[in-house]
Number of protein chains: 2
Amino acid sequence: MTSEIISIGDELLIGQVVNTNASWMAEQLNRAGIKVNQVTAISDQREHILSALEEAGMKSDIVLITGGLGPTKDDITKQTLCEFFNTKLKFNEEVFENIKKLFGKRGLIINELNKKQAEIPKNCIPIKNNNGTAPGMWFEKDDIIYVSMPGVPFEMKPMITDFVIPELSKRFNTPAIIHRTILTQGMPESLLASEIESWENSLPANIKLAYLPQPGIIRLRLSASGKNKTELENQISYEIKKLNKIIPDLIFGYDNDTLYEIIGNLLRKNGQTVSTAESCTGGYIAHLITSVPGSSDYFKGSVVAYSNEIKENILSVNHKSLIDHGAVSKEVVIEMARGVQQKFNTDYSIATSGIAGPGGGTDKKPVGTTWIAITTPFKTFAKKFQFGEHRQRNISKTALTALNMLRKEISKND
Amino acid sequence: MTSEIISIGDELLIGQVVNTNASWMAEQLNRAGIKVNQVTAISDQREHILSALEEAGMKSDIVLITGGLGPTKDDITKQTLCEFFNTKLKFNEEVFENIKKLFGKRGLIINELNKKQAEIPKNCIPIKNNNGTAPGMWFEKDDIIYVSMPGVPFEMKPMITDFVIPELSKRFNTPAIIHRTILTQGMPESLLASEIESWENSLPANIKLAYLPQPGIIRLRLSASGKNKTELENQISYEIKKLNKIIPDLIFGYDNDTLYEIIGNLLRKNGQTVSTAESCTGGYIAHLITSVPGSSDYFKGSVVAYSNEIKENILSVNHKSLIDHGAVSKEVVIEMARGVQQKFNTDYSIATSGIAGPGGGTDKKPVGTTWIAITTPFKTFAKKFQFGEHRQRNISKTALTALNMLRKEISKND
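Residues numbered from 1 in each chain as written. Chains lettered and ligands numbered in written order. Predicted model: local features only at pLDDT ≥ 70, side-chain atom pairs only at ≥ 80, totals over all residues. Heavy atoms only, no water.

### A look at the pattern of salt bridges
Argument step 1. Tallied over the entire structure, the rule returns 32 salt bridges over all chains.
Argument step 2. In this structure, the salt-bridge partner of glutamate 309 of chain B is lysine 300 of chain A, at a minimum N-O distance of 3.0 Å. With glutamate 309 of chain B in helix α13 (residues 308-313) and lysine 300 of chain A in strand β14 (residues 299-305), this residue pair bridges two chains.
Argument step 3. A residue is classified by how much of its surface remains accessible, and glutamate 309 of chain B, at 30% relative accessible area, is partly exposed. (Salt bridge = Lys/Arg side-chain N within 4 Å of Asp/Glu carboxyl O. Helix = DSSP H or I, 4+ residues; strand = E, 2+ residues; numbered from the N terminus. Buried < 20%, exposed > 50% of the residue type's maximum accessible area, 1.4 Å probe, protein only.)

Given below as structure tokens:
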């Protein structure tokens with residue numbers, strides 16, 4: 001059984017929006033053992049939507065559609081679906097209740113446009129939208145399943161994971177496919193590849209390896225296919241054990257783990273706390289740590305010290321250290337880490353100081369030069385890194401490298 | 001005259017790679033006045049490539065194809081193009097010279113696979129690849145133009161800008177198309193739509209409006225098509241002026257502007273500075289501000305005060321205010337804003353305190369309850385907001401709302 005994705009929206013055809021929805025959906029479908037034949041992006045035009053639906057239905061068993069479900073005039077998917085399925089819009093009480101609930105929570109008043117969003121084609125099964133007003137819609141015609149969803153990613157994604165994929169897996173006898181992603185930090189892709197080359201070459205034929213690089217992190221995805229899920233799980237576990245022996249220091253987690261969640265869990269378990277003193281990362285480490293619900297249990301706060309004045313006045317960095325060594329130095333980053341640990345009274349702390357770029361580099365300290373310091377209940381230490389030239393990547397790499405340094409220390413003391 | 005993009009590659013259908021090529025190409029084509037009908041991503045399969053070419057040629061005058069031109073076995077685009085155009089591969093001396101030159105530069109030796117890349121279909125015009133071994137190929141059949149290019153972005157992009165677009169502009173009498181995006185903050189999509197309904201209804205027939213929502217921001221895209229570029233620009237300027245009279249407070253910029261860059265430019269011009277005191281946003285505002293190169297000119301730093309202790313000790317918030325009103329209150333957020341402004345000695349400051357969720361809500365202060373305070377050289381004020389239930393969106397919305405509040409104040413005092 002095969003599937004097809006249709007993305008509706010003029011913004012995709014004028015290059016204003018990159019079609020990240022389609023790649024995310026393709027990944028989910030593949031994980032569930034459903035092959036994707038084609039991804040088609042088309043405009044908000046009746047004839048085009050109709051012909052795309054027609055063509056997709058001729059080639060695939062499942063057609064997932066996103067976009068064009070907003071309350072405004074340019075969104076015409078719902079009317080066009082009625083035409084395609086030869087049906088009419090009907091007010092749906094259940095959908096309206098959901099819209100009312102959403103608006104109530106936000107203290108907003110429902111207008112006529114919103115009320116119209118509760119009208120859905122008669123012959124579809126509505127899929128609840130917990131994050132917006134437009135419901136998803138599940139249709140069946142000539143043994144083909146069509147699902148229409150909003151194009152807003154955080155509205156569409158829960159519909160796919162909580163409803164569409166489980167429902168499709170029930171209907172179809174999908175082959176067993178297992179994916180496991182190993183998360184590594186601390187080595188660039190090409191070096192990592194030679195480090196694990198012999199392991200990679202010895203993988204069984206039914207296990208495929210893919211490198212998925214992100215700034216500061218390389219994800220290694222293993223995909224195993226076969227008949228028996230338990231067998232595949234054992235097979236993958238065995239390969240991961242082998243890999244753990246080769247690069248134990250680089251692996252920090254699996255699948256959807258994040259460094260900041262892992263650190264949070266370790267700290268919560270130990271009843272310990274952390275703070276950050278950030279120069280070049282500008283609050284990004286604090287942002288990552290606080291993106292985790294409940295992080296106030298172990299994160300007390302941060303000082304973003306973007307000027308030397310703040311480093312001195314708030315973090316008690318010595319004036320002399322700043323003059324003698326400059327802000328991007330071992331001395332200063334260590335004093336920043338100690339300063340925030342003392343002022344914020346935490347067990348651990350992270351400090352960063354570097355030249356994120358594109359300006360500010362010198363011969364001695366080119367763009368990308370970065371110092372990271374960690375304090376633990378027992379010691380303070382700092383390490384120097386030479387990252388690249390790209391500002392956002394330097395910020396990301398510094399943050400993830402610092403978090404991984406902290407993780408190793410907490411694990412040691414655990 | 002219309003065009004279509006075909007992206008070939010299994011990696012696009014398993015969700016491993018996001019199709020950024022297609023959106024980039026779509027943008028270039030639109031800028032040149034060439035409409036894009038459809039973007040289709042398909043696998044490296046002969047039948048699929050043939051049917052996609054066939055279908056595209058029936059709907060469009062220009063078909064741009066990327067991918068599947070590598071030297072390895074899984075790349076079959078070239079052979080399939082021969083089949084489609086009913087021709088054969090032929091060794092091309094010019095292409096081979098280019099490959100030799102490239103290999104020379106990199107100090108590599110040419111192998112049989114590379115030599116094969118100099119074989120191209122007899123009836124095509126080769127397009128020089130300055131950054132790789134696979135040439136582009138320009139075909140014509142039944143008045144339809146087909147161009148096949150490598151999928152590697154930095155090989156494909158110069159072919160488009162230096163050869164394909166200039167060549168297409170010569171051949172076709174392209175209509176003028178102008179896009180302008182108006183950026184708004186402070187009103188959800190459905191309310192905004194009713195607010196500007198009569199303006200929208202009065203738009204001339206050759207101007208289309210699209211709503212592009214992001215968390216905390218709604219972008220309004222106007223697309224005008226016609227014969228004369230200057231005329232269209234005047235037409236769009238006129239419509240934007242009209243819109244500015246209806247929602248002057250909501251519009252903060254145009255096209256690729258960001259709130260943090262706009263604020264940065266205003267502050268730099270005035271020689272003024274800003275600091276932030278962040279509770280619920282956890283450093284995200286500081287992160288946005290410092291994502292701009294050169295932000296150290298006007299941003300001194302931030303205190304992320306995730307615990308009451310830090311609010312008291314570092315920001316000098318009154319213990320009594322915290323006890324009497326709680327951390328998420330007008331009193332506390334105002335004291336935070338004043339505290340950071342004084343300690344960091346800045347002209348402006350932003351403070352945030354809210355319940356980002358998913359936990360921590362009460363009947364009186366449900367998840368999403370957020371206070372934002374702004375200090376200026378002249379005053380301090382705070383506003384309460386009721387955002388939604390989703391943690392990341394609450395953080396984004398709070399940050400963008402706060403930045404827009406700050407922008408309005410700086411503009412007033414400008």
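### Side note on the packing of aromatic side chains
Note on aromatic pairs: each is described by the distance of the centres and the angle between the planes.
All names here are of chain A.
Argument step 1. If you walk through the whole model with that rule in mind, you get 16 aromatic pairs over all chains.
Argument step 2. With a centroid separation of 5.2 Å and an interplanar angle of 75°, the aromatic rings of phenylalanine 85 and tyrosine 146 are classed as edge-to-face. In this pair, phenylalanine 85 sits in the loop between α4 (77-84) and β4 (89-91) while tyrosine 146 sits in strand β8 (residues 144-149), placing the two residues 61 residues apart along the sequence. With respect to class, phenylalanine 85 is no different from tyrosine 146; both count as buried.
Argument step 3. Ring centres of phenylalanine 91 and phenylalanine 96 lie 5.2 Å apart, and the angle between their planes is 55°; this geometry places the pair in the tilted category.
Argument step 4. Residue phenylalanine 96 is classed as buried on the basis of its relative accessible area, which comes to 10%.
Argument step 5. Among the aromatic residues, ring-to-ring pairing joins Phe84, Phe85, Phe139 and Tyr146 into one connected group.
Argument step 6. Its end group placed over the ring of phenylalanine 84, lysine 141 keeps NZ or CZ at 4.2 Å from the ring centre. (Phe/Tyr/Trp six-rings, centres within 6.5 Å; stacked < 30°, edge-to-face > 60°. Lys NZ or Arg CZ within 6 Å of the ring centre and 35° of its normal.)

### Comments concerning the environment of aspartate 44 of chain A
All names here are of chain A.
Argument step 1. Relative to the helices and strands, aspartate 44 is located in the loop between β2 (35-42) and α3 (46-59).
Argument step 2. Judged by its relative accessible area of 12%, aspartate 44 is buried.
Argument step 3. Considered as a pair, aspartate 44 and glycine 68 are 24 residues apart in the sequence and their alpha carbons are 6.7 Å apart.
Argument step 4. Aside from chain neighbours lying at most four places away, what touches aspartate 44 is Ile8, Gly9, Asp10, Ile49, Gly68, Asp74, Asp75 and Ile76. (Contact = heavy atoms within 4.5 Å.)

### Here's the deal with the sheet that holds strand β9 (residues 176-185) of chain A
Residue and element names in this part refer to chain A.
Argument step 1. Ordered in space as β10-β11-β9-β12, the four strands form an open sheet in which the pairing is antiparallel. A single partner strand is all that each edge strand has here, and the edge strands are β10 (207-214) and β12 (251-254). Looking at each pair of strands side by side, their axes are set apart by 25° on average, direction ignored.
Argument step 2. Taken together, the eight bridges between β10 and strand β11 (residues 217-226) define a ladder with antiparallel strand orientation. (Pairing = 2+ DSSP bridges. Axes fitted to C-alpha atoms, helices over the stretch in contact; angles between N-to-C directions.)

### Things to note about a positive patch on the surface
Argument step 1. A cluster of basic side chains, namely Lys101, Lys105, Arg106 and Lys128 of chain B, defines a positive patch on the protein surface.
Argument step 2. Tracing the backbone shows lysine 128 of chain B in the loop between β6 (125-127) and β7 (136-141). (Patch = residues over 30% accessible without salt bridge, like charges linked within 9 Å, V, L, I, M, F, W, Y side chains within 5 Å. Areas by Shrake-Rupley, 256 points an atom, 1.4 Å probe, with all protein chains shown as cover. Lys, Arg positive; Asp, Glu negative; His and termini not counted. Charge placed at Lys NZ, Arg CZ, Asp CG, Glu CD.)

### Topic: the pairing of β8 of chain A
Residue and element names in this part refer to chain A.
Argument step 1. Buried residues dominate β8, accounting for six of its six residues.
Argument step 2. A two-sided burial pattern is seen for β8, the buried positions comprising Ile144, Tyr146 and Ser148 on one face and Ile145, Val147 and Met149 on the other.
Argument step 3. In this sheet, β8 lies alongside strand β3 (residues 62-66) in parallel orientation, the contact comprising five bridges. Directly across from threonine 66, in β8, lies its bridge partner methionine 149.
Argument step 4. Where strand β7 (residues 136-141) lies against β8, five bridges are found, and the strand directions are antiparallel. Its bridge partner lying in β8, phenylalanine 139 is registered against tyrosine 146.
Argument step 5. With antiparallel pairing between neighbouring strands as the criterion, β7 and β8 make up a hairpin whose turn holds two residues, including aspartate 142 at a positive phi of roughly 50°.

### A word on the sheet that holds β7 of chain A
Argument step 1. Judged by pairing direction, the sheet is mixed, and its 12 strands sit side by side in the order β6(A)-β7(A)-β8(A)-β3(A)-β1(A)-β2(A)-β2(B)-β1(B)-β3(B)-β8(B)-β7(B)-β6(B) without closing on themselves. The open sheet has two edge strands with one neighbour each: β6 (125-127) of chain A together with β6 of chain B. On average, adjacent strands in this sheet sit at an angle of 20° to one another, irrespective of strand direction.
Argument step 2. Two elements, strand β1 (residues 2-8) of chain B and strand β2 (residues 35-42) of chain B, share seven bridges in a ladder whose sense is parallel. Counterpart to threonine 2 of chain B in the pairing with β2 of chain B is lysine 35 of chain B.
Argument step 3. Here α3 of chain A sits on the sheet and contacts β1 (2-8), β2, β3 and β8 of chain A together with β2 of chain B; the angle it forms with β1 of chain A, its principal contact strand, is near 170°.
Argument step 4. Contacts from helix α4 (residues 77-84) of chain B reach β1, β3 (62-66), β7 and β8 (144-149) of chain B within the one sheet, and its direction differs from that of β7 of chain B by about 15°.

### Looking at the confidence of the model for chain A
Argument step 1. Of all residues in chain A, 100% have pLDDT values of 70 or greater, and the mean over the chain is 93.
Argument step 2. The ipTM, which scores confidence in the relative placement of chains, is 0.80 for this predicted complex, and the corresponding pTM is 0.81. (pLDDT = per-residue confidence, 0-100.)

### So, the side chain of threonine 276 of chain A
All names here are of chain A.
Argument step 1. Among the structural elements, threonine 276 can be located in strand β13 (residues 274-278).
Argument step 2. Of the polar contacts made by the side chain of threonine 276, one reaches the side chain of glutamate 278; its length is 3.0 Å.
Argument step 3. Once you skip the residues sitting within four places of it in the chain, threonine 276 turns out to touch Ile285, Ala286, Ile289, Phe299, Gly301, Ser302, Val303, Val340 and Ile350. (Polar contact = N/O pair within 3.5 Å; in protein donor to acceptor, adjacent residues only side chain to side chain.)

### A short note on the packing of helix α11 (residues 259-270) of chain B against helix α16 (residues 391-413) of chain B
Residue and element names in this part refer to chain B.
Argument step 1. Interaxial distance between α11 and α16 falls to 10 Å at its minimum, and their mutual angle equals 30°. With respect to α16, the axis of α11 lies roughly parallel. Of the two possible hands of crossing, α11 and α16 adopt the one that is left-handed. Taking contact as the criterion, the partners of Leu259, Tyr260, Ile262, Ile263, Leu266, Leu267 and Asn270 in α11 are, on α16, Leu400, Leu403, Asn404, Leu406, Arg407, Ile410 and Ser411.
Argument step 2. A per-class count over the contact of α11 with α16 returns 10 nonpolar, three polar and one charged. (Parallel < 35°, antiparallel > 145°, perpendicular 65-115°, else oblique. Left-handed = near helix turned anticlockwise from the far one by under 90°. Nonpolar A, V, L, I, M, F, W, Y, C, P; charged D, E, K, R; others polar.)

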